[in-house]
Amino acid sequence: MVTWSQHVTSWRREVHKLYADVMAEPDPAAGHAWRVRRRVELFECHPASARQPGQHLRHAPYDPAYRFLVKPKPTELEVCVEPRASVSPAHVPVVENGRSKRVTKCSV
């Protein structure tokens, strides 16, 4: 039997995949059409959907006027965490970019 948490996890994975697929689509209009189809499918059929009986999604047609591209600006990651009582007050373990490291407590 699948638990509610597993259904919600599945929903989140499906939504993440949906947006990854849309962003990978070279044609913005085709990406929009795919997003609309897949969102409707998830909304109507997925066990973790918030859909109420008789409820349907509505989507505006694709409009290139609302499309914009931005170039991300590289920044330096600043890690600031509050220590818990069970951790040494001088150092707090954190995970950054998939690697475990120790950082000094913030001075704020």
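Asker: How should I be thinking about the overall build of the chain in this particular structure?
Answerer: Helix and strand counts for the chain stand at two helices and two strands. Listing each helix as α and each strand as β along the chain from the N terminus yields α-α-β-β.

Asker: Which parts of the structure should I look at to understand the side chain of Ser49?
Answerer: Note that Ser49 resides in the loop between helix H2 (28-45) and strand S1 (91-96). Residue Ser49 is classed as buried on the basis of its relative accessible area of 15%. At 2.5 Å, the side chain of Ser49 forms a polar contact with the backbone oxygen of Phe43. Those residues in contact with Ser49, other than ones at most four positions away along the chain, are Trp11, Leu42 and Phe43.

Asker: Looking at this model, I keep getting lost on the pattern of salt bridges. Mind explaining?
Answerer: Opposite charge on two side chains allows them to pair when their charged atoms are near. Counted under the stated rule, the structure contains three salt bridges. The salt bridge involving Asp21 is made with Lys17; its shortest N-O contact spans 2.9 Å. Placement of the pair is Asp21 and Lys17 together in helix H1 (residues 4-24), with a separation of four residues, close to one helical turn.

Asker: For this particular structure, what's the right way to read the packing of H1 against H2?
Answerer: Each pair of packed helices can be described by the angle between their axes along with the distance between the axes. Packing of H1 against H2 brings their axes to within 9 Å, and their N-to-C directions diverge by 170°. Taken together, the axes of H1 and H2 lie roughly antiparallel to each other. Counting all contacts with H1, which are made through Trp11, Glu14, Val15, Leu18, Tyr19, Asp21 and Val22, the residues of H2 involved are Gly31, Trp34, Arg35, Arg38, Arg39, Leu42 and Phe43.

Asker: What should I look at first to understand the environment of Arg39 in this one?
Answerer: By the element assignment, Arg39 lies in helix H2. Accessibility expressed as a relative area gives 29% for Arg39, which makes it partly exposed. For Arg39 and Leu18, which are 21 residues apart along the polypeptide, the C-alpha to C-alpha distance reads 8.1 Å. If we skip the residues at most four places from it in the chain, Arg39 touches Leu18, Tyr19, Leu57 and His59.

Conventions we followed
Numbering of residues starts from 1 in every chain and runs along the sequence as written. In view of the model being predicted, local features appear only for residues whose pLDDT reaches at least 70, and side-chain atom pairs are presented and counted only at 80 or more, with totals across whole chains, interfaces and linings using the full set of residues. Computation of side-chain values covers all heavy atoms of the structure but excludes hydrogens and water. In DSSP terms, a helix is any run of H or I states spanning at least four residues, a strand is any run of E spanning at least two, and both are numbered starting from the N terminus. Whether a residue is buried, partly exposed or exposed follows from its accessible area with a 1.4 Å probe, protein chains only, as a fraction of its type maximum: under 20%, in between, or over 50%, in that order. Counted as a polar contact is a pair of N or O atoms within 3.5 Å, where, for protein atoms, one must be capable of donating a hydrogen and the other of accepting one, and residues adjacent in sequence contribute only when both atoms are in side chains. Throughout, a residue-residue contact means that at least one pair of heavy atoms, one from each residue, lies within 4.5 Å. When a carboxyl oxygen of Asp or Glu is within 4 Å of a side-chain nitrogen of Lys or Arg, the pair counts as a salt bridge. As a rule, the C-alpha atoms of each element are fitted with a line to give its axis, helices using only the stretch in contact, and angles between N-to-C directions run from 0 to 180 degrees. What sets the label is the angle itself: under 35 degrees gives roughly parallel, over 145 gives roughly antiparallel, 65 to 115 gives roughly perpendicular, and the rest give oblique.

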